[in-house]
Amino acid sequence: YLAVMAAMRFNVFQCDTDVVWQRNPYPVLKTLLGAHNLLHQREVGHTVNGGVVYVQNAHPSGPVVWALQEMERRVRARARNPFGELEKIIPASLTMAVLEQARPITRI
């Protein structure tokens, strides 16, 4: 649903139920990280963790929507092949950090 919502130009903030915010995250998301279109929790091994994902100001045909669609495609492929080798589904060379539209990839 993240890709669908982003393609409809909604800003989407997804958090797992075990995430606790002790302060309002929006001031940081809208100022310090306001130029970024996709933010996510980083997992060990430079992979994406869906526990915290924030999408803002994504263009419907831009790289953020593509990345979210690709993430969904890979999750569905993994679900169809749960005992297969992960490298056949998700090449190690394809990792995501912070994607910005019309800017180089930045790691924070």
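This report concerns the structure included in the present document. Think of each chain on its own: its residues are numbered from 1, step by step along the sequence as written. Local features in a predicted model are, by the rule used here, given only for residues with pLDDT of at least 70; side-chain atom pairs are given and counted only at 80 or more, and totals for whole chains, interfaces and linings are based on all residues. With hydrogens and water set aside, each side-chain value is computed from the structure's full complement of heavy atoms.

The secondary structure content of the protein chain amounts to four helices and three strands. For helices the rule is a DSSP run of H or I covering at least 4 residues; for strands it is a run of E covering at least 2, with both sets numbered from the N terminus onward. Reading the protein chain from its N end, one meets helices and strands in the order α-β-α-β-β-α-α. Here the term buried applies to any residue with accessible area under 20% of the maximum for its type, exposed to any over 50%, and partly exposed to those in between, with areas from a 1.4 Å probe on protein chains only. Each of the 108 residues in the protein chain was classed as buried or not, and the buried ones make up 33%. Whether two residues touch is decided by their heavy atoms; if any such pair falls within 4.5 Å, the residues are in contact. Residue pairs in contact within the protein chain that sit at least 24 positions apart in sequence constitute 56% of those at least 6 positions apart. Accessible surface, the protein chain: about 7,300 Å² in total, of which carbon and sulfur atoms supply 59%. The Shrake-Rupley method, run with a 1.4 Å probe, gives the accessible areas here. Residue values count only the displayed protein chains as cover.

For salt bridges, the criterion is a side-chain nitrogen of Lys or Arg within 4 Å of an Asp or Glu carboxyl oxygen. Scanning the model with the defined rule gives three salt bridges in all. Between Glu 70 and Arg 73 there is a salt bridge, with its nearest N and O atoms 2.6 Å apart. With Glu 70 and Arg 73 both in helix α3 (residues 63–80) and three residues apart, the pair spans about one turn of that helix. You can call Glu 70 buried: its relative accessible area is 15%. Several salt bridges share partner residues, and in doing so they unite Glu 70, Arg 73 and Arg 74 into one network.

The subject of this paragraph is the environment of Val 55. For Val 55, the position within the fold is in strand β3 (residues 47–55). Residue Val 55 is classed as buried on the basis of its relative accessible area, which comes to 0%. Residues Val 55 and Leu 68, 13 residues apart in the sequence, show an inter-C-alpha distance of 9.7 Å.

Turning our attention to the nonpolar core. Core analysis: the biggest nonpolar cluster contains twelve residues, these being Leu 2, Ala 3, Ala 6, Val 12, Leu 38, Val 53, Val 55, Ala 58, Val 64, Val 65, Ala 67 and Leu 68. Counting residues per element, the ones that place at least two in this core are α1 (2–7), β3 and α3. The element that contributes the greatest number of residues to this core is α3, accounting for four residues. The criterion is simple. A nonpolar core is a set of buried Ala, Val, Leu, Ile, Met, Phe, Trp, Tyr and Cys residues joined through side-chain atoms within 4.5 Å.

If you check the backbone angles, Arg 9 has positive phi at about 70° while not being a glycine. Within the element layout of this structure, Arg 9 appears in the loop between α1 and β1 (12–15). The backbone phi angle of Asn 57 is positive, close to 55°, even though this residue is not glycine. By secondary structure assignment, the location of Asn 57 is in the loop between β3 and α3. Judged by relative accessible area, Asn 57 falls into the exposed class, the value being 52%.

Just distances and angles here, no functional claims.
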